[in-house]
Amino acid sequence: MVEGSGQRSYRPQLPAKDWQAISAYVYDVVDRAEPLVVYSARELYPAVTRLTHFARTEYAPLTDDAVFDPYMVNRFIIHHLAGYNRASRNTIRARLRRVSEALLGDGAVGKFRALGKADAVRPYTEAEQAALEGWSRAQTSAERRTSAAALLSLGFGAGLTGAEIIRLRLENVATTDTTCVVRIIGEGARDVPVLHEWSAGLRSRYVHLNGQGWAFRAEQRGSNVNLITDFVSRTAPPMEIQTRRMRATWLVGRLEAGTPLKTLLRVAGLQSAEALDRILPFVSE
């Protein structure tokens, strides 16, 4: 490989001891991958080097299965390239993905596809949130209006999952003149304060049912996993509403507001910070 051989003089901006530890593997990967991808060795070396160095800091062995595992590549893009602009991140991601697929085959292709679906859970924009508020006010009965308002309040204001919204009863909502707190019972038990700017919808539901009954949809049993989807599908105008996107919007907002990580994990019902990996690309610099 002519170009690859010519690139043996490639030297990244790394401490000498770090480059010495990974250089043999980097050269080997580029030699093997270049004939299989559309990128030249010159284009591959910086991306492969950065990923390999990152994997080593994560104590991964210098093997293809470890370094080029799609989940390792994804963690590298999210954590190590957080300060890069979107175009640069996309360029490096594309090169590493092609190398990963070339070295690991169909298994990597499937993992990247799954990660792509996860990344599609993006936060709602302010304009989209405003449109959803208008949608909730346009419902045709007090039951439907307050249910829709509570749905948005619990999703955007408290970051609850779809299952938690469905199971929540108003007996587990505590309101004062200035605060509104939701108590989650059972799995993921915790108290979650509702953001002030989103609390009005839940308060209206609370008043409508005198503080007793289901926070979302009066005629239910708390176990229909399709309850939210069914409700939205029967409303007009038709709207795209996903509780995962509402929760992502809430999480991003809390991170941007400077909520301490341990506090956020607790009120979000998360076990580790790794659960935030998928939303970090959406958090402003």
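Placed above this text is the structure.
As a convention, each chain's residues are numbered from 1 in the sequence order in which they are written. Side-chain atom pairs in this predicted model are given and counted only at pLDDT of 80 or more, local residue features only at pLDDT of at least 70, and totals for whole chains, interfaces and linings cover all residues. Derived side-chain values reflect all non-hydrogen atoms in the structure, with water molecules and hydrogen atoms excluded from consideration.

**Side note on the packing of helix α9 (residues 142–156) against helix α11 (residues 199–208)**
Axis lines are fitted through C-alpha atoms, for helices just across the contact stretch, and the angle between N-to-C directions can take any value from 0 to 180 degrees. In this description a helix means any DSSP run of H or I spanning at least four residues, a strand means any run of E spanning at least two, and both kinds are numbered starting from the N terminus. Running from amino to carboxyl end, α9 crosses α11 at an angle of 140°, the nearest separation of the two axes being 7 Å. With respect to each other, α9 and α11 are oriented oblique. Once α9 is placed against α11, the crossing between them reads as left-handed. Residues A142, E143, T146, S147, A149, A150, S153 and L154 of α9 form the contact with α11, whose participating residues are S199, G201, L202, S204, R205 and H208. Roughly parallel means an angle under 35 degrees; roughly antiparallel, over 145; roughly perpendicular, 65 to 115; everything else is oblique. It is the rotation of the near helix from the far one that decides the hand of a crossing: anticlockwise by less than a right angle makes it left-handed, clockwise makes it right-handed. Note on definitions: a residue-residue contact is assigned when non-hydrogen atoms from the two residues lie within 4.5 Å.

**A look at the environment of L255**
Within the element layout of this structure, L255 appears in helix α13 (residues 243–256). Each C-alpha atom of the pair L255 and T235 lies 32 Å from the other, and the pair is 20 residues apart in sequence. Excluding its chain neighbours within four sequence positions, the residues that come into contact with L255 are L264, I279, L280 and V283.

**Some thoughts on the pattern of salt bridges**
Oppositely charged side chains can pair when the atoms bearing their charge come close. The term salt bridge refers to a side-chain nitrogen of Lys or Arg lying within 4 Å of a carboxyl oxygen of Asp or Glu. Applying the stated criterion across every chain, the model contains twelve salt bridges. Of the charged contacts in the structure, one is a salt bridge between E171 and R169, with a shortest N-O distance of 3.4 Å. Taking the relative accessible area as the measure of exposure, E171 reaches 42% and is therefore partly exposed. The salt bridge partner of R183 is D191, with a shortest N-O separation of 2.8 Å. Remark: exposure states derive from per-residue accessible area (1.4 Å probe, protein chains only) relative to the maximum for the residue type, with buried under 20%, exposed over 50%, and partly exposed in between. Accessibility expressed as a relative area gives 45% for R183, which makes it partly exposed. One network of salt bridges, in which partners are shared, links D28, R32 and D64.

Remember that the coordinates give geometry; whether it matters functionally is a separate question.
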